[in-house]
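Each chain, written out:
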Amino acid sequence: MRQQVCETQKIVLLSHVNADGDACGSLLGCMLMLDQAAKQAQKIVPILPNGLPKSFGWLTGSDRIVSGERELTLCQSLIEEADLILCLDLNAPSRIDFLQEALIKSNAFKVLVDHHHNPASEYFNLVFSDPEISSTCELLLWLSLELWGRDYLNSEVARCLYTGLRTDTGGFAFSCSQPSCFDAAALLVSYDIRPAEIHNRIVNTFSYNRMMFYGFALSHRLEIYPEQHAALFSFTLDDQRSYNVTSEDMEGLVNYTLMMEPIEVGALVREEQGKTKVSLRAKGDVDVNLLAKQLGGGGHTKAAGATCFMSMDETVKKVKALMGVEGQEPLKTISAS
Ligand SMILES: [Mn+2]
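Q: Just to check I follow, could you spell out the overall build of the protein chain for this structure?
A: The secondary structure content of the protein chain amounts to 14 helices and 12 strands. What you see for the protein chain is a C-alpha radius of gyration of 20 Å, in line with the 20 Å of a compact globule of 337 residues. Its C-alpha atoms put the protein chain at 65 × 40 × 35 Å along the principal axes. Residue burial in the protein chain is summarised as follows: out of 337 residues, 49% are buried. Across the protein chain, the fraction of contacts at a sequence separation of at least 24, relative to all contacts at a separation of at least 6, is 64%. Of the roughly 15700 Å² of accessible surface on the protein chain, 49% is carried by carbon and sulfur atoms. Within the protein chain, one finds 29 positive and 42 negative side-chain charges whose respective centroids are separated by 3 Å.

As structure tokens, this is what we get:
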């Protein structure tokens, strides 16, 4: 792979739709290292199918990310004409949505660096995949040490990689049972990054609207099923419009379900134009990756999701059936409406 990086002219980096901290961190961390590794006049372009979420705009190099939604033709041709494509934090071409055909068609040498289950290895020439590892950022760190030693690690790269490590483990709360996760954190912190500053940029970022929406969600849109140890949020487009919140604003809300001690599986169902999005979370023994698969999605054991091309009501019904609460009465709360 070292050779591939040095000998190719056009390198494209790709990560998944609705990029999270691990997607953005690995994409930009990788780009910043390749910038230094690139010897000749190489072109390195990071692409995200629907662009960079505003909340990660503070990462170095974020202004270089090309959005597939905004510049579709450009992205398709960049992908088709690339010599080397690195796919980060995604296990299958479908995770880049409308750009997948371009990726499949491209004759580039394709490398996958990822930690999701079931990598679609047949689409790639080289696969680095480990579902046991905390994050793609961690895997990328170990891979870069193998390739280049510490030559291209610096504080900007470390900030990107730490961001993915931090977000994919919920602040070192889950997916971090391998000691290597903390070895990676220790190494990255040695590059003079400030974990508290990164924490603030990731966590303490609510708008007032978002906070008000959380209040509404908890009071009026949360169904709790104590006997089944399950809870579910659901939001129509109108709910989202009336509080002027985006999908990004709802990121993390699903985790509130698990904050109730007896709840072991939580879901958030959100209506979008022409489709419905489902986020699933679990603690204990429940494997939500298996549930998500039945909805045509996937992810991790404790965090997974799916996009359903069904009405909101149908999706809610299906999710409830998967959680074993279909037809059950939710807990009566004080001001439910
Ligand atoms: Mn990840």
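On we go.
Q: Hey, could you run me through the pattern of salt bridges in this one?
A: Two side chains of opposite charge can pair, provided their charged atoms sit close to one another. Inspection of every chain in the model, using the stated rule, returns nine salt bridges. Linking glutamate 80 and lysine 105 is a salt bridge whose minimum nitrogen-to-oxygen distance equals 3.6 Å. Taken together, the residues span a long stretch of sequence, with glutamate 80 in helix α3 (residues 72-81) and lysine 105 in helix α4 (residues 100-105) at a distance of 25 residues. Among the residues examined, glutamate 80 registers a relative accessible area of 35% and is labelled partly exposed.

Q: Got a minute to help me understand the packing of aromatic side chains in this structure?
A: Centre distance and the angle of the planes are the two values used to describe a pair of aromatic rings. Taken as a whole and assessed by the stated rule, the structure comprises 10 aromatic pairs. Ring geometry for tyrosine 214 and tyrosine 256: centres 5.4 Å apart, planes at 85°, overall edge-to-face. On the criterion of sequence distance, the pair formed by tyrosine 214 in helix α9 (residues 208-220) and tyrosine 256 in helix α12 (residues 255-258) is long-range, its members being 42 residues apart. Accessibility expressed as a relative area gives 32% for tyrosine 256, which makes it partly exposed. Look at phenylalanine 233 and phenylalanine 235: their rings are 5.8 Å apart centre to centre, the planes differ by 20°, and that puts the pair in the stacked class. Relative accessible area serves as the criterion here: at 0%, phenylalanine 233 is assigned to the buried category. Among the aromatic residues, those joined into a ring-pair cluster are Phe213, Phe216, Phe233, Phe235 and Tyr243. In this arrangement the basic side chain of arginine 210 is found over the ring face of phenylalanine 206, its NZ or CZ atom lying 4.0 Å from the centre.

Q: I tried to follow the sheet that holds strand β6 (residues 126-129) on my own but got confused; where do I start?
A: Pairing between the strands of a sheet is mediated by backbone hydrogen bonds and can be parallel or antiparallel. Spatially, six strands are ordered β3-β2-β1-β4-β5-β6 in an open sheet, and the strand pairing comes out parallel. At either margin of the open sheet sits one strand with a lone partner, and together these are β3 (66-67) and β6.

Thresholds applied
- Residues numbered from 1 in each chain as written.
- Predicted model: local features only at pLDDT ≥ 70, side-chain atom pairs only at ≥ 80, totals over all residues.
- Heavy atoms only, no water.
- Helix = DSSP H or I, 4+ residues; strand = E, 2+ residues; numbered from the N terminus.
- Rg over C-alpha atoms; globule rule 2.2 N^0.38 Å.
- Buried < 20%, exposed > 50% of the residue type's maximum accessible area, 1.4 Å probe, protein only.
- Contact = heavy atoms within 4.5 Å.
- Areas by Shrake-Rupley, 256 points an atom, 1.4 Å probe, with all protein chains shown as cover.
- Lys, Arg positive; Asp, Glu negative; His and termini not counted.
- Charge placed at Lys NZ, Arg CZ, Asp CG, Glu CD.
- Salt bridge = Lys/Arg side-chain N within 4 Å of Asp/Glu carboxyl O.
- Phe/Tyr/Trp six-rings, centres within 6.5 Å; stacked < 30°, edge-to-face > 60°.
- Lys NZ or Arg CZ within 6 Å of the ring centre and 35° of its normal.
- Pairing = 2+ DSSP bridges.

Note that every value here comes from positions in space, so none of it alone points to a role or purpose.
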